[in-house]
Each structure stands twice: as structure tokens, then as C-alpha cells.
Amino acid sequence: MPTTTILLTAIIMGGLTGWIVYYFYAWLMSVTGKWLKGQAASDTFRTILAWAMVPSIFTLLLIIPEVLIFGDDLFKSEHTNTSSFNSIMWVFFALTEAVLSSWTLVILVKGICLIQGFNTGKAIINMLLPGVLIVVPLLLLGLLLQTV
């Protein structure tokens, strides 16, 4: 697909599904947090998630220079321009995005520690449990459908 189609699809689908996932994940973190003896409500988790996503907004802003530098290569598995400049820029953007993603995780874990009164390990479990609740049933359903 052309780069503009990919970007428009990502913007539209992200806008449509982002809010649903945001509310659902906050609710699930509240539910699983209560299993771990936490007390924070889903609205408090929404606040923590919103602040944790600030570095991710900067990651999204990096798409603009990436499109300008890499063009269609940005969404291809094999790059047509393998110049030294492009290779250096791939590494630069990858490291920048890794740092911003790590920052997002740190803010989220520290926020969960703060609102739930958890230590870091328990906060990480509280962060991951909602994903487990979604992925495990889907895997089981996939295995069930494969056997049919």
C-alpha cells in the first residue's frame, strides 16, 4: 500500500479504537489491581495512562521526519535506499523510539505504584494482567478452532 494510505488508515483506526482500548484497559487494570489488593478506580488509571502516553505522543511526532527522510521505505520490510545517512537515521530513530517507549513504561509503572501503593514488581504484574486476560482466552479460542 502507498504510504499515504497506511498513514490515513492508522490515523482513522487509531482514532476509532484508541478510546475504546484506553477505557477498557484502565477498567481491566482496576479490576486486576483489586485482585492484588489495590484500591484504585478505573478513572484514576485513566489519568495514569494519559500521563504515561505523553512520551508516546512524541514518538508519533517522529513519523513526520521519518516519512520525509525514508519515504515509502518507512513501511517496507526491504529498503531501497541503503545509504550511510539512511542507515544512521534508522538507528537514530529506533533508539529514540526505544527511549521514549521505555519512558512511557516507567511513568506507567511508577504511576501504578503511586495509586495502588504497590512495589514495582506488583505494579508490573498489575500492568500485565489485563493483557493476559485478553491474550490467554484468544489463544485458547485459536487452539480450539484449529482442532475443529
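Just so we're clear, the structure is a prediction, and the values are computed from it rather than from any experiment. (Residues numbered from 1 in each chain as written. Predicted model: local features only at pLDDT ≥ 70, side-chain atom pairs only at ≥ 80, totals over all residues. Heavy atoms only, no water.)

Visitor: Would you mind going over the side chain of Thr3 with me for this structure?
Guide: If you trace the backbone, Thr3 turns up in helix H1 (residues 3-35). A relative accessible area of 8% places Thr3 in the buried class. A distance of 2.4 Å separates polar atoms of two side chains, one belonging to Thr3 and the other to Asp72. Contact partners of Thr3, with chain neighbours within four places excluded, come to Val67, Gly71, Asp72 and Phe75. (Helix = DSSP H or I, 4+ residues; strand = E, 2+ residues; numbered from the N terminus. Buried < 20%, exposed > 50% of the residue type's maximum accessible area, 1.4 Å probe, protein only. Polar contact = N/O pair within 3.5 Å; in protein donor to acceptor, adjacent residues only side chain to side chain. Contact = heavy atoms within 4.5 Å.)

Visitor: Would you mind going over the layout of surface pockets with me for this structure?
Guide: Any space left empty among the atoms is revealed by the rolling of a water-sized probe across them. Computed from the structure, the largest pocket encloses a volume of approximately 400 Å³. Lining the largest pocket are Gly18, Trp19, Val21, Tyr22, Tyr25, Leu49, Ala50, Met53, Ser56, Ile57 and Leu60. Counting residues per element, the ones that place at least two in the lining of the largest pocket are H1, helix H2 (42-52) and helix H3 (54-61). If one sorts the elements of the lining of the largest pocket by residue count, H1 sits on top with five residues. Approximately 190 Å³ is the volume attributed to the second largest pocket. Lining the second largest pocket are Leu7, Ala10, Ile11, Gly14, Gly15, Leu60, Ile63 and Ile64. The element that contributes the greatest number of residues to the lining of the second largest pocket is H1, accounting for five residues. A breakdown of the residues in the lining of the second largest pocket according to their chemical character gives six nonpolar, two polar and no charged. (1 Å grid on protein atoms, 1.4 Å probe; cavity = no way out; pocket = protein on both sides within 12 Å on 5 of 7 lines; lining within 4 Å. Points joined across faces, edges and corners; volume = space filled by probe spheres on them. Nonpolar A, V, L, I, M, F, W, Y, C, P; charged D, E, K, R; others polar.)

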